[in-house]
There are 2 protein chains.
Amino acid sequence: MRLHQGILQEGYNQYHANKHDEHSNPHGIINLGTSENKLCFDLLQKRLMRPDMLHIEPAFLQYPDWKGHSFLREEVSKFLSDYCRSPKPLKPENVVVMNGCGSLFSALAATLCDPEAKFTIFHNVTLPYYSEFHVALQLYFYLYFIVLVQPTGSDVRPFQLTVEKLENSLKEAKKEGLNIKALILLNPHNPLGEVYSSEELISFLQFAKMHKLHVIVDEIYMLSVFNEADTFRSVLSLDGLPDPQRTHVMWGVSKDFAMAGMRVGMVYSENRDLVQALDQLGCFHGVPGPTQYLMAQLLRDRDWLNSEFLPENRHRLREAHSFMIEELKKLDIPFLHRSAGFFIWADLSKYLKEKTFAEELSLWRCFLKHKVLLSCGQAFSCVSPGWFRIIFTDRLHKLQLGLTITLIHISKQHSSDPCN
Amino acid sequence: MRLHQGILQEGYNQYHANKHDEHSNPHGIINLGTSENKLCFDLLQKRLMRPDMLHIEPAFLQYPDWKGHSFLREEVSKFLSDYCRSPKPLKPENVVVMNGCGSLFSALAATLCDPEAKFTIFHNVTLPYYSEFHVALQLYFYLYFIVLVQPTGSDVRPFQLTVEKLENSLKEAKKEGLNIKALILLNPHNPLGEVYSSEELISFLQFAKMHKLHVIVDEIYMLSVFNEADTFRSVLSLDGLPDPQRTHVMWGVSKDFAMAGMRVGMVYSENRDLVQALDQLGCFHGVPGPTQYLMAQLLRDRDWLNSEFLPENRHRLREAHSFMIEELKKLDIPFLHRSAGFFIWADLSKYLKEKTFAEELSLWRCFLKHKVLLSCGQAFSCVSPGWFRIIFTDRLHKLQLGLTITLIHISKQHSSDPCN
């Protein structure tokens, strides 16, 4: 695990030292590895540079009251009430805002898990799983992630999450003496692009309730579902949660508002003790006053959100996604056809000389040598080698450069004359 | 320790629920407890609302490269070179920028101290010491602070820090089996307002070198020295540090730029391993892209800094300080006459019925009942009861309201008819 993390990090270092730019560095590395939406910077720039954004009150410059009421908390609760379609208005006092979901995960680990234990345990049940904060969290908390690896004959979708799998994994973890405290659910899922039905959601929440597990429901891609036919259901839209005191919903502006640089994430929880404990960590993970103002302005601008940004963003996501899947089809590459998130989970195993993770890494390196940064399956602890997450949320000519040319090139070359 | 922290927190909660405002809440609580400079919001507002501040580039909205070069790192190194009067230009790659000095302390604790130990130890040698992050840091790291309490007959100043005291405390700590890793030096000192001479600084640094201790030199009030006669010397201005690999200088915009709400702090260190380790924590403690831009603009605007903000700020600090010490003199209250920081360290022990910390707390409560929030000595682990830190960096009529009227009232009442 550590090994490939180091190698992947090396890929990001290479990218940062040699970023592609069509004018200044046309032979630089194209990043189809970081899950960012680069399709809407024009819309955001236009909105964020309107004069109403330039406003500084003395209160923004003073040390914020992380534990008290704030206008951002207020706006977030209204925003989540509307966009999660909550049956009743959500309460501002149940909202915690921090500088990104990484901080929230870290703070949740600190508060939900036993602080005395060397290994505080998270039960990560989705396969493949979302590992971005894995190493960073380990730095702070020695988290131990479990990856569940039981494919069953009854799966109707590839990599399907089922209560049966959850039950088996929990049993196995207990056998190993692990003290499982919480379950992380990703909906929409990264990197699968999967969206759970309300029946599935409820069954997972009931499983958690039965075993007294906290559930962190990460809905950070909830507004990036770009096919009208796919209905996303937030757990906050459910009529009555099975275990509201142990259900905590996460969202942020990094993905759905394409502003990872803004560092704003939030958790909604009815658990007062948890909210108060998280608030204690505001001094390390709070959002600066001026950023709070800016975000509140944006969240309350429903006209802009509903008439401009969100429909146009969905349109561009759909367009870029279509382009990418057509290219994959041309190359005869199998992939999961989903309509959420910024990525396609594709099976490039046909380019592996043998079905091993060492070969997967070698293919990943070959991409990098050809100036394309991707994420390979082992970064998500995928069980079968050859799966890659391909980000499609960049301008079309970059995608074309990054994928088509390189993939075609590699597909021709890799089978006969591998690049390493 | 825990007990009074809880009580003081209760004071802040009361303040946040009932803040004084001359128009909307004239009978609310006046905060002379939080070390914030409220004298220059007009200057800051004017500067921060100039059109050059409203600028958003796509790069600001993308996930920042915490480990790489950035324009803010560049500006910080130039700024520190100039304002710390470094003999040679400081290097951008030695700069770490985080969301406030609280995060930097926490990150330094995580990187300098043994992550496996339950108690990672900081040697805090100044008395009274700066305890703001104490409880918060404990949440994360189980820090254990040592307070040194050996007044000696040879002190030429009250609460003086000397190498002799450092030596004694280190011996005592070792006797207790404590593994001392680092020394925190505050210069200018909070709450004493003390500024160390270069000879003192060098002697402390040499002590640390001899015992292989890291030194975190917190210079967060370096530009808030308001008497021309007092010369502040940054350790970065010294010709050659005794142990550069173990000397780490901290600064931030919360105090000197009166912008605690902006959440921007920085460390300068020649220790590459340390800088790289701190950079790993950017994902939890990084500064948002738009805030980075805003701060870089401000740091490079030397015209505004040198001709407007800094001289006017010093002038206002001096004026407010003079007002406050005159009032203290009228009331015959002893205090340390210093010219740095936002506070006066005053001896109110004459209002104590007996010289105990319980009585000190009761006086503190009495102030709060009369709608003035102060910090009492035990919050800084002061050894003799009755010392209070009084913040003077608010508008004069507030200081008048907060101090004069209330103190006179209490001085009359407390001796004959204590309020609790």
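Small disclaimer: the values here were computed from a predicted structure and weren't measured.

Student: Can you lay out the sheet that holds strand E11 (residues 375-376) of chain B for me, pointing to particular residues and giving the numbers?
Tutor: Residue and element names in this part refer to chain B. The sheet built from three strands is open, its strands ordered E9-E12-E11 with antiparallel pairing. The open sheet has two edge strands, strand E9 (343-347) and E11, and neither has a second partner. Pairing analysis gives two bridges linking E11 to strand E12 (residues 387-391), with the strands arranged antiparallel. Each residue of the ladder has a partner; that of serine 375, found in E12, is arginine 389. Helix-sheet contacts for helix H13 (residues 302-330) involve E9 and E12, and the interaxial angle to E9 is about 10 degrees. Its contacts with the sheet place helix H14 (residues 357-369) against E11 and E12, and it is angled at close to 30 degrees to E12.

Student: Kindly report on the interface of chain A and chain B, identifying the contributing residues and their values.
Tutor: In this assembly, 54 residues from chain A lie in contact with 54 residues from chain B. In this assembly, chain A packs against chain B so that about 4,800 Å² is buried in total across both faces, 65% of it on carbon and sulfur atoms. Remark: the boundary between chain A and chain B carries zero salt bridges. Going through the elements one at a time, helix H1 (2-17), helix H2 (41-48), helix H3 (58-61), helix H5 (101-112), helix H6 (134-141), helix H11 (282-285) and helix H12 (289-300) of chain A are the ones with two or more residues in the side of chain A that touches chain B. Of the residues contributing to the side of chain A that touches chain B, the split by class is 30 nonpolar, 15 polar and nine charged.

Student: Can you break down the pattern of salt bridges residue by residue, with the values?
Tutor: Residues and elements named next belong to chain A. Per the stated rule, a full pass over the model turns up 30 salt bridges over all chains. Put simply, arginine 300 and glutamate 75 hold a salt bridge, and the shortest N to O gap is 3.1 Å. Here glutamate 75 lies in helix H4 (residues 71-83) and arginine 300 lies in helix H12, a separation of 225 residues in the sequence. Residue arginine 300 is classed as partly exposed on the basis of its relative accessible area, which comes to 38%. Aspartate 82 serves as the salt-bridge partner of arginine 302, at 2.2 Å between the closest nitrogen and oxygen.

Student: Describe the domain arrangement of chain A, with residues and values.
Tutor: Residues and elements named next belong to chain A. Per the domain assignment, the segments of chain A are domain 1 (2-43 + 309-412) and domain 2 (63-300). Residue-level contacts link 29 residues of domain 1 with 35 residues of domain 2. On the domain 1 side of the interface with domain 2, the three residues burying the most area are Arg338, Ser339 and Phe380, jointly 20% of the side's total. Counting the contacts that link domain 1 with domain 2 gives one salt bridge. For glutamate 194, the salt bridge is made with arginine 338, and the minimal N-O distance between the two is 2.8 Å. Our count for the domain 1 to domain 2 interface comes out at seven residue pairs in polar contact (both at pLDDT 80 or more).

Student: Let's hear about the relation of the copies chain A and chain B: which residues, and what values?
Tutor: With an RMSD of 0.0 Å, the fit of chain A onto chain B corresponds to turning through 180 degrees and sliding 0.0 Å along the axis. The two molecules are tied by a two-fold rotation axis, judged by turn and shift. A shared interface surface links the copies, since 100% of the contact residues of chain A are contact residues in chain B too.

Student: Before we move on, can you summarise unusual backbone geometry with the specific residues and values?
Tutor: Residue and element names in this part refer to chain A. Going from asparagine 190 to proline 191, the amide bond is cis rather than trans, its omega being 10 degrees. Secondary-structure assignment places proline 191 in the loop between strand E5 (182-186) and helix H8 (198-210). Positive phi, close to 75 degrees, is recorded for lysine 371, a residue that is not glycine. If you trace the backbone, lysine 371 turns up in the loop between helix H14 (357-369) and strand E10 (372-373).

So, how was this worked out
Residues numbered from 1 in each chain as written. Chains lettered and ligands numbered in written order. Predicted model: local features only at pLDDT ≥ 70, side-chain atom pairs only at ≥ 80, totals over all residues. Heavy atoms only, no water. Pairing = 2+ DSSP bridges. Helix = DSSP H or I, 4+ residues; strand = E, 2+ residues; numbered from the N terminus. Contact = heavy atoms within 4.5 Å. Axes fitted to C-alpha atoms, helices over the stretch in contact; angles between N-to-C directions. Buried area = accessible area lost by both parts, 1.4 Å probe. Salt bridge = Lys/Arg side-chain N within 4 Å of Asp/Glu carboxyl O. Nonpolar A, V, L, I, M, F, W, Y, C, P; charged D, E, K, R; others polar. Buried < 20%, exposed > 50% of the residue type's maximum accessible area, 1.4 Å probe, protein only. Domains from an automatic or database assignment. Polar contact = N/O pair within 3.5 Å; in protein donor to acceptor, adjacent residues only side chain to side chain. Least-squares fit on C-alpha atoms with pLDDT ≥ 70 in both.

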